[in-house]
Amino acid sequence: MRTAERPRWRGLAAAGVVHGAALAVLGAFAWILGDLLVAGLGQVDWAFLTAPPQDAGRAGGVGPILASTGILLAICLVVAVPLGLGAAIFLAEFTPAEGRLGRLVRRSLDVLAGVPSIVFGLFGNVLFCKTLGLGFSLLSGGLTLACMALPLIIRTAEASLRAVPPGLRQSAVALGMSRTSVVRHLLLPAAAPGLLAGFVLGVGRALAETAALIFTSGYVDRLPESILDSGRALSVHIYDLSMNVPGGDHRAAASALVLVVALLAINGASALAMGRFGRRLGAR
Amino acid sequence: MRWRAALALAVLAGLGAQAGCSRSEKTRIVLTGSSTIAPLMTEIGRRYEAKHPDVRVDVQSGGSSRGVADARQGQADVGMVSRALKPDEADLTGTPIARDGIALIVHRDNPVQALSRAQVVGIYTGQIKRWSAVGGADRDIVVVNKAEGRSTLELFLSHFQLKNEQIAAQVVIGDNEQGIKTVAGNPDAVGYVSIGTAEYDAGRGVPIRLLPLEGVEATHANVQAGRFPLSRVLLLVTKGEPSGPARQLIEFARSAEVRDLVEQQSFVPLAP
């Protein structure tokens, strides 16, 4: 009797802990979003999204800042996605999992992924702004972001490529497919959901970045005319409004709301794309 | 399929190259340094650009030490420094554009009305640990200090003749607003921040109180009249004498044309 009771009690407790953890995560998200909605929603309108900031950000909008953020993100992705995908294919397909080179590269990537962003910021400032002479510019900032996002993209992409069942590869080899066509026609489509997840993580890290950008893409809140102009990212703007400008809190909340909605939109769009892709694969 | 991808890449590369090469031919003045001055110079720069459409004023942040270093090494045309220049910075020329005072702040609910010089030194060196020792509640004092490299810290230390190693702080903060938020959120905290910022926030209901210093109330008016003992100049520094576009911008930043901007950003204009 007793032996039958105990697992039941344990099972219930475990279920409680698991449900509680899930609810806590949901609660934290709802709290953050609710807080931002209450503090920021009243100020976000078309004018706020398009107008330039005034009075150190306490009036006006975030138009030029949104443009700079978008350009930074685009530069980061244009550089990081092809490089990241290439490195991941190398790691997953062209080196043995336990080989010395593969282990070394993987270890370095894991260390890089854990490096605090301010270190990337100082590194970017020295390498891109000073040594390469790009100055405070969107290009310096975007390249710094790419350095930060790369380890994340490579590691998730490698994991999803490795997760493709070995049977698929073996059948392809048996059919006489070349290595490149195996990668192109078989592995990349099969690993697409994982690749997309890594991409979304990279975008998230890039959009949320403050410390790496303040010394690379800079503080200038004017609409950039080229990628060699300095431009303020949305997260830098939020930081400045809440920590440096007296009376900037309400505008900081409104800008933070815009940032969160942008992140949600990107997440939603990739989930949608993933669903589409899954269906297309299934139909094949 | 492959051709289309190649074409798309080529177009992207072309756009990138074009954007890269078309960096505007306008005169560019780069300023870096004090985060206290950066919002003010951003606004002054905006007005200057409106008057001189051929000039770009790029304002970057990072702290006074960075302003000094960048002006020296030529990374910036003009450095922003929110304190007087030191003897070993004689290679730089500093031009004042505004004044600012630094006041001690406590939470609004703290009953302590004033602290003497000895009490402030005692609190910041950790010899006085309880508010009850200076006429407050029987609670621990939470000392808020500024981070290394901040000119507010250097001013505070030199006024009270302290060294940073002597200070026993519980919280170390960066920018002014962070200091105000830390004190507003902790009834036992004491900190020191720019008077303009503190007055602005206190006037909008943030629960902080400015303490008088050596019997002088911490107000904008007292800083302007030169009565407040702990005040500083906001400087624009250049390597050697300012020249060319930088000189014109510095003269504009000192002129009566931007007086309203100086006051809007809670600083004290130079000329009364």
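Remember, it's a predicted structure, so these values are computed and weren't measured experimentally.

Rules of the game
Residues numbered from 1 in each chain as written. Chains lettered and ligands numbered in written order. Predicted model: local features only at pLDDT ≥ 70, side-chain atom pairs only at ≥ 80, totals over all residues. Heavy atoms only, no water. Helix = DSSP H or I, 4+ residues; strand = E, 2+ residues; numbered from the N terminus. Contact = heavy atoms within 4.5 Å. Areas by Shrake-Rupley, 256 points an atom, 1.4 Å probe, with all protein chains shown as cover. Lys, Arg positive; Asp, Glu negative; His and termini not counted. Charge placed at Lys NZ, Arg CZ, Asp CG, Glu CD. Buried < 20%, exposed > 50% of the residue type's maximum accessible area, 1.4 Å probe, protein only. Pairing = 2+ DSSP bridges. Buried area = accessible area lost by both parts, 1.4 Å probe. Salt bridge = Lys/Arg side-chain N within 4 Å of Asp/Glu carboxyl O. Polar contact = N/O pair within 3.5 Å; in protein donor to acceptor, adjacent residues only side chain to side chain. Nonpolar A, V, L, I, M, F, W, Y, C, P; charged D, E, K, R; others polar. Domains from an automatic or database assignment. Expected span 1.5 Å × (residues − 1). Bend = angle between axes of the 7 residues up to and from the residue. Phe/Tyr/Trp six-rings, centres within 6.5 Å; stacked < 30°, edge-to-face > 60°. Lys NZ or Arg CZ within 6 Å of the ring centre and 35° of its normal. Axes fitted to C-alpha atoms, helices over the stretch in contact; angles between N-to-C directions. Parallel < 35°, antiparallel > 145°, perpendicular 65-115°, else oblique. Left-handed = near helix turned anticlockwise from the far one by under 90°.

**Some words on the overall build of chain B**
Then, in step 1: Broken down by element type, chain B carries 10 helices and 10 strands.
Then, in step 2: Expressed along its principal axes, the backbone C-alpha trace of chain B runs to roughly 75 × 50 × 35 Å.
Then, in step 3: Counted over contacts in chain B with a minimum sequence separation of 6, partners at least 24 positions apart contribute 73%.
Then, in step 4: For chain B, the accessible surface area stands at approximately 12,000 Å², while carbon and sulfur atoms represent 54% of it.
Then, in step 5: Of the charged side chains in chain B, 31 are positive and 29 negative; the average position of the first set lies 4 Å away from that of the second.

**Overview of the pairing of strand β5 (residues 142-146) of chain B**
Side-chain direction in a regular strand flips from residue to residue, so the side chains alternate between the two faces of the sheet.
All names here are of chain B.
Then, in step 1: Burial analysis of β5 places five of its five residues in the buried class, which makes it a mostly covered element.
Then, in step 2: The alternating pattern of β5 places Val142, Val144 and Lys146 and Val143 and Asn145 on opposite faces, both of which are buried.
Then, in step 3: Relative to strand β7 (residues 189-194), β5 runs parallel, the two sharing two bridges. In the sheet register, valine 143 faces β7, and the bridge partner there is valine 190.
Then, in step 4: Judged from the three bridges that link them, β5 and strand β6 (residues 171-173) form a sheet pairing that is parallel. Among the inter-strand pairings, asparagine 145 is bridged to a residue of β6, identified as valine 172.

**Notes on the interface of chain A and chain B**
In many analyses, interface size is given as the accessible surface area lost on bringing the parts together.
Then, in step 1: Opposite the 30 residues of chain A that make contact, chain B presents 40 residues.
Then, in step 2: Of the roughly 3,000 Å² buried where chain A meets chain B, counting both sides, 45% is carbon and sulfur surface.
Then, in step 3: Inspection of the chain A/chain B interface yields seven salt bridges.
Then, in step 4: The closest approach of N and O atoms between Asp249(A) and Lys181(B), which form a salt bridge, is 2.8 Å.
Then, in step 5: Seen at the junction of chain A and chain B, the total is 20 residue pairs in polar contact (both at pLDDT 80 or more).
Then, in step 6: Broken down by secondary-structure element, the contributors of at least two residues to the side of chain A that touches chain B are β1 (53-54), α5 (117-131) and α10 (234-243) of chain A.
Then, in step 7: With three residues, α10(A) is the single largest residue contributor to the side of chain A that touches chain B.
Then, in step 8: Along the lines of polarity and charge, the residues of the side of chain A that touches chain B split into 13 nonpolar, eight polar and nine charged.

**Thoughts on the domain arrangement of chain B**
Residue and element names in this part refer to chain B.
Then, in step 1: Once the domains are mapped, chain B shows domain 1 (27-98 + 235-269) and domain 2 (100-224).
Then, in step 2: Here domain 1 and domain 2 have C-alpha centroids that lie 28 Å from each other.
Then, in step 3: Listed as interface residues are 12 residues of domain 1 and, on the opposing side, 15 residues of domain 2.
Then, in step 4: Carbon and sulfur atoms supply 46% of the area buried between domain 1 and domain 2, which totals about 1,100 Å² over both sides.
Then, in step 5: Counting across the domain 1 and domain 2 interface gives two salt bridges.
Then, in step 6: Our count for the contact surface shared by domain 1 and domain 2 stands at six residue pairs in polar contact (both at pLDDT 80 or more).
Then, in step 7: Listing elements by their share of the side of domain 1 that touches domain 2, those giving two or more residues are α3 (64-73) and β10 (268-269).

**Thoughts on α5(A)**
Then, in step 1: Between the first and last C-alpha of α5(A) there are 20 Å, a value that for 15 residues agrees with the 21 Å anticipated at 1.5 Å per step.
Then, in step 2: At Gly124(A), α5(A) shows its maximal kink, close to 30°.
Then, in step 3: Taken residue by residue, α5(A) has Ser117(A), Phe120(A), Gly121(A), Gly124(A), Asn125(A), Phe128(A) and Cys129(A) as its buried positions.
Then, in step 4: As for α5(A), its buried residues are in contact with α4 (100-114), α6 (138-162) and α9 (211-214) of chain A together with α3 of chain B.
Then, in step 5: Looking one or two residues past α5(A), Gly133(A) carries a phi angle of roughly 70°, positive in sign.

**Some remarks on the packing of aromatic side chains**
All names here are of chain A.
Then, in step 1: Evaluation of the coordinates by the stated rule reveals six aromatic pairs over all chains.
Then, in step 2: Judged by centre distance (6.2 Å) and plane angle (75°), the ring pair of phenylalanine 123 and phenylalanine 128 falls under edge-to-face.
Then, in step 3: The ring of phenylalanine 94 has arginine 179 lying over it, and the distance from NZ or CZ to the ring centre is 4.4 Å.
Then, in step 4: Cation over ring: arginine 232 sits above tyrosine 219, and NZ or CZ is 4.2 Å from the ring centre.

**Quick look at the pattern of salt bridges**
Then, in step 1: A complete count under the given rule lists 34 salt bridges over all chains for this structure.
Then, in step 2: With its nearest N and O atoms 2.5 Å apart, the salt bridge here joins Arg56(B) to Glu225(A). With Arg56(B) in strand β2 (residues 55-59) and Glu225(A) in the loop between α9 and α10, the pair connects residues from two separate chains.
Then, in step 3: The buried category is assigned to Arg56(B), whose relative accessible area is 10%.
Then, in step 4: When the shortest N-O distance is used, the salt bridge between Glu263(B) and Arg259(B) registers 3.7 Å. You can see Glu263(B) and its partner Arg259(B) sitting in helix α10 (residues 259-264), four residues apart, about one turn around the helix.

**Things to note about the packing of α4(A) against α6(A)**
Residues and elements named next belong to chain A.
Then, in step 1: Taken N-terminus to C-terminus, the directions of α4 and α6 make an angle of 135°; their axes are 9 Å apart at the nearest point. Compared by their axis directions, α4 and α6 come out oblique. Regarding α4 and α6, the two cross each other, and that crossing is left-handed. Across the interface between the two elements, Arg106, Leu109, Asp110, Leu112 and Ala113 of α4 pack against Pro151, Ile154, Arg155, Glu158 and Arg162 of α6.

**Things to note about the pairing of strand β3 (residues 78-81) of chain B**
All names here are of chain B.
Then, in step 1: The side-chain alternation of β3 yields two buried faces, one formed by Val78 and Met80 and the other by Gly79 and Val81.
Then, in step 2: One ladder, built from three bridges, connects strand β1 (residues 27-33) with β3; its direction is parallel. Across the sheet, residue glycine 33 finds its bridge partner in β3, namely methionine 80.
Then, in step 3: With three bridges connecting them, β3 and strand β9 (residues 231-239) associate as antiparallel partners. Counted as the bridge partner of methionine 80 is leucine 236 from β9.

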